[in-house]
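Listed below are the residues making up each chain.
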Amino acid sequence: MMILALALAMAAGSDTPDYRNSANWLCRPGRQDACAADLSTTVVNADGARRVEPFKAARAPQFDCFYVYPTISLDPTPNSDMIPGPEEKRVAQFQVARFGANCRVFAPVYRQVTLTALRSLMGGGAPAIDRDMAYRDVKAAWDDYMAHDNKGRGVVLIGHSQGSLILTQLVAREIDGKPAQKQLVSAMLIGSSVPVPIGKDVGGIFPTIPLCRSADQAGCVVTYASFRADSPPPAGSRFARGDRPGVEAGCTNPAALGGGRAVAHAYLNAGGNMLIPGPAEAWSKDGAPVATPFVSVPGLISTECVDRDGFNYLAVTVNADPADARTDTIPGDVKVGNAILKDWGLHLIDMNLAQGDLVDLTARQYRAWAKKR
């Protein structure tokens, strides 16, 4: 009988992490963790004037955010372990912690396909990755959240890259057309390709959940992959295109969901990237140092969804001005040595380019959701 019970437990996926254990969460409400990191921002205006913008977390947030982080683990194995390293903690700081201005943030640790494995794949290797394991972990965390924490609250799903791909599966399998859809404020699936029929806002992978086309629309999807406007996706790009004939990658501009070009509210890494810290960039032409983790540059960056040559992507323009006291460029390209991998676009800063817009959008979408409820 014991052998039979063990076999049944293994068949049921008994190796799935226990998300009742708080150690298996990167972020949870009411504790000091990766989402309680320093979010202070140096705002650099066009005339060179500066001020430090402190971060204020919501005291009594009315809705939740459920975040799945991107490919970031430096573990040497094809799938990560359940012990978050500094890289997982850093990416939470730079991608999701700011959403705490509006929502309670839940971010599970999961056994993701590692950056080590991705580098091996890009080099022609064949690491023994297990994508199903990563999905099962996130689903288990979602199930635990819904059973113990949601209690009828609205929830925004937030993911980037691998996290976005996993949440896309979760929405398709567990939310679209299911009771949980009633709790969906929106799904922000950034840095991946969400397929929709060409010229349409619904269909493709989600039968009933459309792309967001208004800031006051709830129960919809925000998605894009970003590229510099002057460096569009090359023919072999891995992002911003459909996965089969008749579909394209959805693109929604957080700064202007109704369409067109708009100034984006960016919160950029002052130095380094989402993986590792580094010295601050020269954010103004006088070379004045920046001491905060984030930089905001009002009016410097504009974004627009562009459909060109089979790609549908967020085109990012740096509004360089010789009379502007600030930098005329921004970092964010994926590089190997000094070589820019143009097929990756601005993948490293997808979330940061319009982070202020995304955070503001969650509050407006929640109000729309609550009004419908």
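Conventions we followed
Residues numbered from 1 in each chain as written. Predicted model: local features only at pLDDT ≥ 70, side-chain atom pairs only at ≥ 80, totals over all residues. Heavy atoms only, no water. Core = buried A, V, L, I, M, F, W, Y, C linked by side-chain atoms within 4.5 Å. Buried < 20%, exposed > 50% of the residue type's maximum accessible area, 1.4 Å probe, protein only. Helix = DSSP H or I, 4+ residues; strand = E, 2+ residues; numbered from the N terminus. Contact = heavy atoms within 4.5 Å. Polar contact = N/O pair within 3.5 Å; in protein donor to acceptor, adjacent residues only side chain to side chain. Axes fitted to C-alpha atoms, helices over the stretch in contact; angles between N-to-C directions. Parallel < 35°, antiparallel > 145°, perpendicular 65-115°, else oblique. Left-handed = near helix turned anticlockwise from the far one by under 90°. Nonpolar A, V, L, I, M, F, W, Y, C, P; charged D, E, K, R; others polar.

Caption draft 1: Representation of the nonpolar core within the structure. Membership of the largest hydrophobic core comes to 78 residues, with the highest contact counts inside it found for Phe66, Phe99, Trp142, Leu157, Ile158 and Met188. Per element, the largest residue contribution to this core is seven residues, and it comes from helix 4 (residues 131-150). Here isoleucine 158 is in contact with Cys65, Phe66, Tyr67, Val68, Val96, Phe99, Leu167, Met188 and Met351, once residues within four sequence places are set aside. Within the second largest apolar cluster, 17 residues are counted, among which are Val290, Val295, Val318 and Ile330.

Caption draft 2: Representation of unusual backbone geometry. Even without a glycine there, the phi angle at lysine 151 is positive, about 50°. With respect to the element layout, lysine 151 can be found in the loop between helix 4 and strand 6 (155-160). Exposure remark for lysine 151: the relative accessible area of 73% places this residue in the exposed category. Positive phi values are uncommon outside glycine, yet alanine 240 reaches one of about 70°. Among the structural elements, alanine 240 can be located in the loop between strand 10 (226-228) and strand 11 (247-249).

Caption draft 3: Representation of the environment of tryptophan 283. Note that tryptophan 283 resides in the loop between strand 13 (268-269) and strand 14 (294-296). For the pair tryptophan 283 and proline 195, spaced 88 residues apart in sequence, the C-alpha separation works out to 37 Å. Not counting the four nearest positions on each side in its chain, tryptophan 283 is found in contact with Val44, Leu268, Asn269, Ala270, Val290, Val295, Val297, Arg326, Thr327, Ile330 and Pro331. At a separation of 2.9 Å, a polar atom in the side chain of tryptophan 283 contacts the main-chain carbonyl oxygen of alanine 270.

Caption draft 4: Geometry of the environment of glutamine 365. Inspection of the secondary structure assignment puts glutamine 365 in helix 7 (residues 355-372). Sequence separation of glutamine 365 and cysteine 220 is 145 residues, and the distance between their C-alpha atoms is 9.2 Å. When neighbours within four sequence positions are excluded, glutamine 365 is seen to be in contact with Val185, Ser186, Met188, Cys212, Ala215, Gln217, Ala218, Cys220 and Val222.

Caption draft 5: Representation of the packing of helix 4 against helix 5 (residues 162-175) in the model. Across the interface, helix 4 lies against helix 5 with an axial gap of 10 Å and an inter-helix angle of 60°. Relative to helix 5, the element helix 4 is oriented oblique. You can see that helix 4 and helix 5 cross each other, and the crossing is right-handed. From helix 4, Ala134, Tyr135, Val138, Lys139 and Trp142 reach across to helix 5, where they touch Gln162, Ile166, Gln169, Leu170, Arg173, Glu174 and Ile175. Of the residues in the contact of helix 4 with helix 5, the class split is seven nonpolar, two polar and three charged.

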